[in-house]
Amino acid sequence: MTKPSDLTTPEPGTVLYEDTLAPACHWSLRMRKGTILRLIDNEGGANVGMLFYNPDNLLERYNAPDTLKCQHTFKLTKGNCLYSDMGRIFCSIVDDTAGWHETVCGNTTKQGVADKWGERNYQEYRNEWNQNGYNSFLVELAKYGLGKKDMAANLNLFSAVGADENGDLEYKQNNSKAGDSISLRFEMDTLVLLHTCPHPLNPAAEYPRKPVNYQIIQAADVDENDYCMNFRDENKRGFKNNEIFHLGGHAAGGCCHD
Amino acid sequence: MLLEVVVMIKESALIADNASYRETVPAGDYFMKVVKKGQTFRILDIEGNQAADTLFYNADNPVERYSAVDTIREQGNVYLSTGTKLLSNESNVMLEIVADTCGRHDTIGGACATESNTVRYALEKKCMHACRDSWMLAIAENEQFGMTKADITHNINFFMNVPVTEDGGLTFEDGISAPGKYVEMKAYMDTIVLISNCPQLNNPCNGYNPTPVEVLVWD
């Protein structure tokens, strides 16, 4: 497959685009293999809900359980890869200054926001309304013909939730400081859905409104010494699955079922 | 192994001989039936250390389904046991765990798949039978429910022990289940129960020896 961009590939590290996502809003974009999505928590305490889909087969999607169990981790940070349900890596966390991002607590809901922070509807508050993460994802999903059944367990970037020995959840305050960032290097073309609604376990008295900057950056080629690829043996195999996928032939796992 | 955490054990008063329905599910097979609102059903780990990978759907509208993240968040705990209300993606209570002689069940680790097996174990193991294949066959053979792959989501692993460490690790411990252990749930709505009795041969959690489970239903 020819890549039209090959003739004009910018230098690695070149910022191709940057913008700000306002608080409590949602967006979606298609990331190309070999580019980095860098998210910056401008003020500290931000939350970014995120989901991934394969734009060529929307049934292939981010899978939180596979991501966690394949890497024997509950938290996500630099070195971790974010997996699809098909054994492939959507993206690798190539840089992270916050240190902990969680993926098991889901989203705020309309009712949850109303119970916790009070309802602020659009009619009265316009774009200062108390938007929720669940509806944010529904809107973005619908743009691609997807719906409730397509909503997987999402990432909550910049938010840390631990568990004690009895399994009780602990929301870690001050996990992400002003200026903290996470860089996701895409290992295959990926549809990214995201929102900037607060984490559902954020104990703040007022509905938190935190903007997030984002940059699309040209990545360097991945070589065999790559930090994320070598972070765990499982990731080497995940990268191999991507390599097979990009041969354009058979998907990993399809040998005896196609 | 020595289990150091305290788990909650609650036995059931229900008697197997009084069950209105019983079915043994061999390892590598699936169970897909509707449990009615008000009925109680039990999954029995006949030989011990088995994993029952389970999904639930509202029988009247399968788009509403068990949600691990909503269940974890609203109970403020990552493990499932007696008293856990299993919530849907619409934040409704689908079922409640009313008895549990195992004491702890996982809902973080998900189900094995041929594809995730390539990552976890070896690319050469891609064609070994896996839970998600059982689910794919279940939805294909039960067209009356109108499900597709999009309905296959983040499940419960009954009888699996997957402790989260305080520094954010995830460990796969020997099972804490044993022959005759069971978990019992009361249905708050007519619920499609979809179980894959796990065929995994690469994970020590079942002693590399997958075994049958039994499903019992009481009116």
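Residues numbered from 1 in each chain as written. Chains lettered and ligands numbered in written order. Predicted model: local features only at pLDDT ≥ 70, side-chain atom pairs only at ≥ 80, totals over all residues.

Turning our attention to the overall build of chain B. Summing up its helical and strand segments, chain B has three helices and 10 strands in all. Listing every helix and strand of chain B by position from the N terminus yields β-β-β-β-α-β-β-α-α-β-β-β-β. In terms of overall size, chain B behaves like a compact globule, its C-alpha atoms giving a radius of gyration of 16 Å where 219 residues would be expected to give roughly 17 Å. A separation threshold of at least 6 residues defines the contact pool for chain B, and within that pool the share at least 24 residues apart is 76%. (Helix = DSSP H or I, 4+ residues; strand = E, 2+ residues; numbered from the N terminus. Rg over C-alpha atoms; globule rule 2.2 N^0.38 Å. Contact = placed C-beta atoms within 7 Å.)

This part covers the sheet that holds strand β9 (residues 191–197) of chain B. Residue and element names in this part refer to chain B. The sheet built from four strands is open, its strands ordered β2-β9-β4-β7 with antiparallel pairing. The open sheet is flanked by β2 (30–35) and β7 (156–158), the only strands paired with a single partner. Between one strand axis and the next, the sheet turns through 25 degrees on average, direction left out of account. Summarising the sheet, strand β4 (residues 52–58) and β9 pair through seven bridges and their orientation is antiparallel. Within β9, the residue paired with T54 across the bridge is I195. (Pairing = 2+ DSSP bridges. Axes fitted to C-alpha atoms, helices over the stretch in contact; angles between N-to-C directions.)

Attention now goes to the interface of chain B and chain A. The partner chain A presents 46 residues to the 37 residues of chain B that form the contact. Those elements that provide at least two residues to the side of chain B that touches chain A are α1 (68–75) and α2 (114–120) of chain B. Among the elements that line the side of chain B that touches chain A, the one with the most residues is α2 of chain B, at six residues. Here the side of chain B that touches chain A is composed, by residue class, of 15 nonpolar, 14 polar and eight charged. (Nonpolar A, V, L, I, M, F, W, Y, C, P; charged D, E, K, R; others polar.)

Now for helix α3 (residues 131–141) of chain B. Taken together, the buried positions of α3 of chain B are C131, R132, D133, S134, W135, A138 and I139 of chain B. Buried positions along α3 of chain B lie against β2, β4, α2 and β9 of chain B. (Buried ≥ 20, exposed ≤ 12 C-beta atoms within 10 Å, placed from the backbone.)

Before going further, it helps to examine α1 of chain B. Residue and element names in this part refer to chain B. Counting buried residues in α1 gives six out of eight residues, a clear majority hidden from the surface. Taken residue by residue, α1 has A68, V69, D70, T71, I72 and R73 as its buried positions. Of the surrounding elements, those touching the buried residues of α1 are β5 (85–87). One or two residues past the end of α1 sits G76, with phi positive at roughly 65 degrees.

To continue, consider the nonpolar core. Counting residues in hydrophobic clusters, the biggest one holds 116 residues, and the most contacted among them are F56 and L194 of chain B. With five residues, strand β4 (residues 48–54) of chain A is the largest single contributor of residues to this core. Aside from chain neighbours lying at most four places away, what touches F56 of chain B is R65, Y66, L86, M94, L95, T191, I192 and V193 of chain B. (Core = buried A, V, L, I, M, F, W, Y, C linked by C-beta atoms within 7 Å.)

With that out of the way, let us pick up the confidence of the model for chain B. Residues with a pLDDT of 70 or more make up 97% of chain B, whose mean pLDDT is 94. The ipTM assigned to the predicted complex is 0.95, against a pTM of 0.94. (pLDDT = per-residue confidence, 0-100.)

Attention now moves to the sheet that holds strand β8 (residues 181–187) of chain B. All names here are of chain B. Strand order in the open sheet made by the six strands is β1-β10-β3-β8-β6-β5, with antiparallel pairing throughout. Of all the strands in the sheet, just β1 (21–25) and β5 have a single pairing partner and so form its edges. Neighbour to neighbour, the strand axes of the sheet diverge by 20 degrees on average, direction disregarded. As judged from the six bridges shared by strand β3 (residues 40–45) and β8, these two strands associate in the antiparallel manner. Looking at the pairing, L44 lines up with Y182 of β8.

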